[in-house]
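Report on the structure
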Amino acid sequence: MVSQQGTWPPSNKGWLGPGIYFWDNDKKTAGWWATRIVDDQAPRVIRAEIDLSDCLDLTTVFAQNALRKVARSIAPSKRSEAALQNLEARGFTRDGALVHLTQEALKVAGRPPVKGVRIAVHLKEGNDTAQSVGTQLVAGFRMVIVVFDPSIIKKCEVCDGA
């Protein structure tokens, strides 16, 4: 939700932790989602230009490998597992905690801070057409961008209707 002053308060909770959640190029899903999470009588869909250059783009091999490396390091390590459980106790989902630990690992490796995450999310919608006809195609994916640092939001406008 955008305030009257144009600021971007992040959600306190969310699948990948606190942040500002966007559906990437999917106004219809954004409108559907807005009607379910916003207490306002007339939720709005925001079209935004987001600079993804400092984001963990989990549609790329680099980001997927970074996440895999952190996930593998957590499994055998009691200390890492404790860190993961600590984040979960603070309200992070397991996925969100893993993304947070990946950010920390990249920071320790001297990489610039991660300002957001772009990820493909599978929404189980019952009968996926492609799967029902026996192809390798998979339906029901949506792209989500979670913004941790609002400075990467370059332009925004309210769309007509939600």
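Residues numbered from 1 in each chain as written. Predicted model: local features only at pLDDT ≥ 70, side-chain atom pairs only at ≥ 80, totals over all residues. Heavy atoms only, no water.

Secondary-structure assignment places Asp26 in the loop between strand 1 (20–23) and helix 1 (27–37). Among the polar contacts made by the side chain of Asp26, one reaches the side chain of Thr29 at a distance of 2.8 Å. (Helix = DSSP H or I, 4+ residues; strand = E, 2+ residues; numbered from the N terminus. Polar contact = N/O pair within 3.5 Å; in protein donor to acceptor, adjacent residues only side chain to side chain.)

Attention now goes to the environment of Val146. Take Val146: it is sitting in strand 5 (residues 141–147). In this structure, the C-alpha to C-alpha distance between Val146 and Trp15, residues 131 residues apart in sequence, is 9.4 Å. In contact with Val146, not counting residues within four places along its chain, are Leu16, Gly19, Ile20, Tyr21, Lys115, Gly116 and Val117. (Contact = heavy atoms within 4.5 Å.)

Oppositely charged side chains can pair when the atoms bearing their charge come close. As enumerated under the stated definition, the model contains six salt bridges in all. Two residues, Glu157 and Arg47, come together in a salt bridge whose shortest N-O distance is 2.4 Å. Residue Glu157 is located in strand 6 (residues 153–158), and its partner Arg47 is located in strand 2 (residues 46–50); the two are separated by 110 residues in the primary sequence. Its relative accessible area of 41% is what places Glu157 among the partly exposed residues. Here Glu49 ties to Lys155 by a salt bridge, and the two come within 3.5 Å at their closest N and O atoms. Of the two residues, Glu49 sits in strand 2 while Lys155 sits in strand 6, which places them 106 residues apart along the sequence. Linked by salt bridges that have partners in common, Asp24, Asp57 and Arg118 make up one network. (Salt bridge = Lys/Arg side-chain N within 4 Å of Asp/Glu carboxyl O. Buried < 20%, exposed > 50% of the residue type's maximum accessible area, 1.4 Å probe, protein only.)

Grouped together as the largest cluster of nonpolar side chains are 25 residues, with contacts concentrated most on Leu16, Leu56, Leu58, Val117, Ile119 and Val144. Of all the secondary-structure elements, those providing two or more residues to this core are helix 2 (61–74), helix 3 (78–89), helix 4 (94–108), strand 4 (116–122) and strand 5. With eight residues, the next largest nonpolar core counts Ile50, Val147, Ile152 and Ile153 among its residues. (Core = buried A, V, L, I, M, F, W, Y, C linked by side-chain atoms within 4.5 Å.)

A separate point is helix 3. Between its first and last C-alpha atoms helix 3 spans 16 Å; for twelve residues at 1.5 Å apiece the expected length is 16 Å, and the two agree. Positioned one or two residues after helix 3, Gly91 has a phi angle of 105 degrees, which is positive. (Expected span 1.5 Å × (residues − 1).)

In this section: unusual backbone geometry. Residues other than glycine seldom take positive phi values, yet Asn25 does so here, at roughly 55 degrees. Mapped onto the secondary structure, Asn25 falls in the loop between strand 1 and helix 1. On the basis of relative accessibility, which here comes to 78%, the residue Asn25 falls in the exposed class.

For helix 4, which comprises 15 residues, the first-to-last C-alpha distance of 21 Å matches the rise-based estimate of 21 Å (1.5 Å per residue) to within 8%. Positive phi shows up at Gly110, right after helix 4, with a value of about 85 degrees.

Right, let's get into the side chain of Asp57. When you line up the elements, Asp57 lands in strand 3 (residues 55–57). The class for Asp57 is buried, based on a relative accessible area of 16%. Only 2.5 Å separates the side chain of Asp57 from the side chain of Thr59, close enough to count as a polar contact. When near neighbours in sequence (up to four residues on either side) are disregarded, Asp57 contacts Ala63 and Arg118.

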